[in-house]
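# Secondary and tertiary structure notes
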Amino acid sequence: MFKHSIPFPQKHCFMLQVNFIRQNKERVINGLKVRNYSEEALSVIDKILEADDKRKITQTELDSNLAESNKLSKEIGGLFKQGKQAEATEMKAQVASLKIKNKALQESLAQIKTTLEENLLSVPNIPHPSVPAGNTEDDNEIYKAWEHDLPVLDDEALPHWELASKYNIFDLELGVKITGAGFPLYRNQGAKLQRALINFFLDEASAAGYEEIQPPLMVNADSARATGQLPDKEGQMYHITKDELYLIPTAEVPVTNIFRNVILQDNEFPIKLTGYTPCFRREAGSYGAHVRGLNRVHQFDKVEIVQIARPEKSYEVLETMLKHVGGLLDKLELPYRILRLCGGDLGFTSALTFDFEVYSAAQKRWLEVSSVSNFETYQSNRLKVRFKEDGKMHLAHTLNGSALALARIVAALLENNQTPEGIKIPKALQPYTKFEMIA
RNA sequence: GGAGGAAUGGCAGAGCUGGUUUAAUGCACUGGUCUUGAAAACCAGCGUGGUAGAAAUAUCACCGGGGGUUCGAAUCCCUCUUCCUCCGCCA
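Residues numbered from 1 in each chain as written. Chains lettered and ligands numbered in written order. Predicted model: local features only at pLDDT ≥ 70, side-chain atom pairs only at ≥ 80, totals over all residues. Heavy atoms only, no water.

## Observations regarding the packing of aromatic side chains
What counts here: What counts as a ring pair is set by centres within 6.5 Å for rings of Phe, Tyr and Trp (its six-membered ring), and what kind of pair is set by the plane angle: stacked under 30 degrees, edge-to-face over 60, tilted for all other angles. Labels follow the DSSP assignment, with helices taken as runs of H or I lasting at least four residues and strands as runs of E lasting at least two, numbered in each case from the N terminus. Using a 1.4 Å probe on the protein chains alone, a residue whose accessible area is under 20% of its type maximum counts as buried, one over 50% counts as exposed, and one in between counts as partly exposed.
Per the counting criterion, the structure on display carries 10 aromatic pairs. Seen in terms of ring centroids, Phe170 and Tyr186 are 5.9 Å apart; in terms of plane orientation they differ by 50°. Their pairing is tilted. One end of the pair, Phe170, is in strand 2 (residues 170-171); the other, Tyr186, is in strand 3 (residues 185-186), with 16 residues separating them in the sequence. Under the relative-accessibility criterion, Phe170 is labelled buried at 5%. Taking 6.4 Å as the distance between ring centres and 50° as the angle between the ring planes, the aromatic pair formed by Phe183 and Tyr238 counts as tilted.

As structure tokens, this is what we get:
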């Protein structure tokens, strides 16, 4: 199988980004400060610029040497044809000495590039100007609050994990037996509810013009790096070392990688894709009451929407994605709010992220069910998703969002809709579940 | 899993007895001439990235990936990956 790991990104892959850093140094540094970078950590920027300077100098010297030896080699060929053996032999010696120099130059160039790439991979995306400063989720800004009353349940109301056993709709103990903690097993009406939600979300995405994709559930390291999961989230993914593959933490990874190394034609925009996949996350270090039940699991189902857009359109696109996700929650009749993530909570690859949280009435908590982000050119620089305009190459913008993540939606639906007679299914979902009540 | 064959620019396809090839040629594409318009024909252009330069331009790297032989590699050698054919196994 795949024992190799092609060095990624490919040769010279980062140059655009270095140039960006060079031309926008202040902006980059300010951006990293929004992400709470210390002065010491900021030194990576200077390291990058220094390494790039060295790279240019070395490259120039190597190129001129190579030009020289190419020229001499051609002349040697000519001399051989004319039968001038002695002169040819003499020139060979010249080329040989150049070659020794070139070898050294090539080695140091390779080393410089490796350092440069490592440093570049460690730099996250620059936050959008609207991203608020802050360290934790408490500093996120409420972008759109829930404007109605929150549902209030009576005192006998049960959290979803107790509803699970009451109605026999999912079973965490069985998951533990079969696999381990965090792998729920859905059954009966619970399993049907899962299937109904997936189909509902996919149909809604199709109706909104997204092409449906069913991608692989494992990806290679190149793909994981291109969308930014590696090296940043190495420990969060399940890694199959024998075959050097990773279980996907989100459909974003395989779906966005469809466009790795693709040059788009103008008429291909906008690209809108959707896909349902299970998502696998190790969630190392998360234990305790707040991760009870379906609140945080290692395997959950999610329908993802992905768009690739022209740069000047990408924030418009982001808005339409927010509307799409909001529309889904409206149809499911769930109370929700939208947060604009602060610098400290913003994902490594994202420029701007909005989180959707639904209110889970029995737990009396907000649960994150969707994250909608614009990555601007951060992913496309790694992916090499480009388009040509006026004879020049430009990086496209990539965006994605959950529409939606199931486990927590299920938690909120079960809790909020519980009645003495059973759990009511929202109208929009009834054609999919083919039942109106879990009882 | 075993045996054989293959991998060249958007596509097709030459080169593969190592040296004016800066990768032929065709198709597609773009611009132009012609035409009332279109087609055809003709002319020209037509990969990605790096470096130097204000630019014109020059130069370097890339013929699946990596390494090697050589003054010189698409061409020879090693290795990995993928695809095709055949055998085996299999939902």
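## Some thoughts on the domain arrangement of chain A
What counts is decided by this rule: Marked domain ranges trace back to an automatic or database domain assignment. Contact criterion: two residues are considered in contact whenever any of their non-hydrogen atoms come within 4.5 Å of each other. Each of two parts loses accessible area, computed with a 1.4 Å probe, when they are put together; buried area is these two losses added. One speaks of a salt bridge when a side-chain nitrogen belonging to Lys or Arg is within 4 Å of a carboxyl oxygen belonging to Asp or Glu. Under this definition, polar contacts are N or O atom pairs within 3.5 Å; protein pairs additionally need one hydrogen-donor-capable and one acceptor-capable atom, and for neighbouring residues in sequence, both atoms have to be side-chain atoms. Each residue receives one of three labels: charged for Asp, Glu, Lys and Arg, nonpolar for Ala, Val, Leu, Ile, Met, Phe, Trp, Tyr, Cys and Pro, and polar for the others, Gly being one of them.
Along its sequence, chain A is carved into domain 1 (15-34 + 36-121) and domain 2 (137-438). If you average the C-alpha positions of domain 1 and of domain 2, the two centres end up 43 Å apart. Every contact between the two is made by 6 residues of domain 1 and, on the other side, 9 residues of domain 2. When domain 1 packs against domain 2, close to 590 Å² is buried across both sides, 57% of that on carbon and sulfur atoms. Connecting domain 1 to domain 2 are 0 salt bridges. Between the two partners, domain 1 and domain 2, sit 1 residue pair in polar contact (both at pLDDT 80 or more). Listing elements by their share of the side of domain 1 that touches domain 2, those giving two or more residues are helix 1 (15-23) and helix 4 (85-121). Tallied by class, the residues present in the side of domain 1 that touches domain 2 amount to 4 nonpolar, 2 polar and no charged.

## Remarks on unusual backbone geometry
Here Leu230 and Pro231 are connected by a cis peptide whose omega angle stands at -5°. Residue position: Pro231 is located in the loop between helix 8 (221-226) and strand 6 (239-240). Omega for the bond connecting Ala403 with Leu404 falls within 30 degrees of zero, at 5°, which places this linkage in the cis form. Although it is not a glycine, Asn168 sits at a positive phi angle of roughly 55°. Structurally, Asn168 can be placed in the loop between helix 5 (160-167) and strand 2.

## A short note on the environment of Ala191
Structurally, Ala191 is set in helix 7 (residues 189-207). It is 31 Å that separates the C-alpha atoms of Ala191 and Thr227, two residues lying 36 residues apart in sequence.

## Some thoughts on a negative patch on the surface
Rule in force here: Excluding any residue in a salt bridge, patches collect residues exceeding 30% relative accessible area, merging like charges within 9 Å and nonpolar Val, Leu, Ile, Met, Phe, Trp and Tyr side chains within 5 Å. Shrake-Rupley sampling with a 1.4 Å probe provides the accessible areas, and residues are treated as covered by the protein chains on show and by no other component. Positive charge is attributed to Lys and Arg, negative charge to Asp and Glu, and no charge count is given to His or to the chain ends. Taken as the charge centre is NZ of Lys, CZ of Arg, CG of Asp or CD of Glu, depending on the residue.
On the surface, Glu137, Asp138, Asp139, Asp345 and Glu368 cluster together to form a negatively charged patch. In this structure Asp139 comes out as partly exposed when scored by relative accessible area, which is 34%.

## What about the sheet that holds strand 14 (residues 385-389)?
To keep it simple, the criterion reads: Whether two strands pair comes down to DSSP finding at least two bridges between them. Here, axes are lines fitted to C-alpha atoms. For helices the fit covers the stretch in contact, and angles between N-to-C directions go from 0 to 180 degrees.
Strand order in this open sheet of 3 strands is 8-14-15, and the pairing throughout is mixed. Each edge of the sheet is formed by a strand with only one pairing partner; in this case those strands are strand 8 (262-264) and strand 15 (392-395). Mean inter-strand twist for the sheet, computed between neighbouring axes without regard to direction, equals 35°. In this sheet, strand 14 lies alongside strand 8 in parallel orientation, the contact comprising 3 bridges. Of the residues in strand 14, the one forming a bridge with Ile263 is Arg386.

## Overview of the packing of helix 7 against helix 12 (residues 406-416)
Definition in use: The scheme is simple: roughly parallel for angles under 35 degrees, roughly antiparallel for over 145, roughly perpendicular for 65 to 115, oblique for anything else. Each helix crossing is assigned a hand: it is left-handed if the near helix lies turned anticlockwise from the far helix by less than a right angle, otherwise right-handed if that turn is clockwise.
It is at 11 Å that the axes of helix 7 and helix 12 come closest, and there the two elements cross at 115°. For the element pair helix 7 / helix 12, the angle class is roughly perpendicular. Considering the relative orientation of helix 7 and helix 12, their crossing is right-handed. In contact with Leu193, Gln194, Leu197, Ile198 and Phe201 of helix 7, helix 12 contributes Leu406, Ile409, Val410, Leu413 and Leu414. Of the residues that constitute the contact of helix 7 with helix 12, the class distribution is 9 nonpolar, 1 polar and no charged.

## Some words on the sheet that holds strand 13 (residues 365-376)
Taken together, 8 strands build an open sheet; the order of strands is 1-11-12-13-16-10-9-4 and the sheet is mixed. Looking along the sheet, the strands with just one partner apiece sit at the ends: strand 1 (141-144) and strand 4 (211-213). Between one strand and the next, the sheet's axes are offset by a mean angle of 30°, whatever the strand orientation. Judged from the 7 bridges that link them, strand 10 (residues 299-309) and strand 16 (residues 397-405) form a sheet pairing that is antiparallel.

## Regarding the pattern of salt bridges
Per the counting criterion, the structure on display carries 9 salt bridges. For Glu204, the salt bridge identified is with Lys331, shortest N-O distance 2.9 Å. Of this pair, Glu204 sits in helix 7 while Lys331 sits in helix 10 (residues 314-331), and the two are 127 residues apart along the sequence. Residues participating in the shared-partner salt-bridge network are Arg22, Asp52, Asp53 and Arg55.

## Here's the deal with the nonpolar core
Definition in use: Throughout, nonpolar core names a set of buried Ala, Val, Leu, Ile, Met, Phe, Trp, Tyr and Cys residues whose side chains join them through atoms within 4.5 Å.
Ranked by internal contacts, the top residues of the largest apolar core, which has 59 residues, are Leu197 and Ile409. Per-element accounting of this core gives the leading share, 8 residues, to helix 12. Setting aside chain neighbours within four positions, we find Ile409 in contact with Leu197, Leu329, Leu332, Leu334, Val358, Val369 and Leu404.

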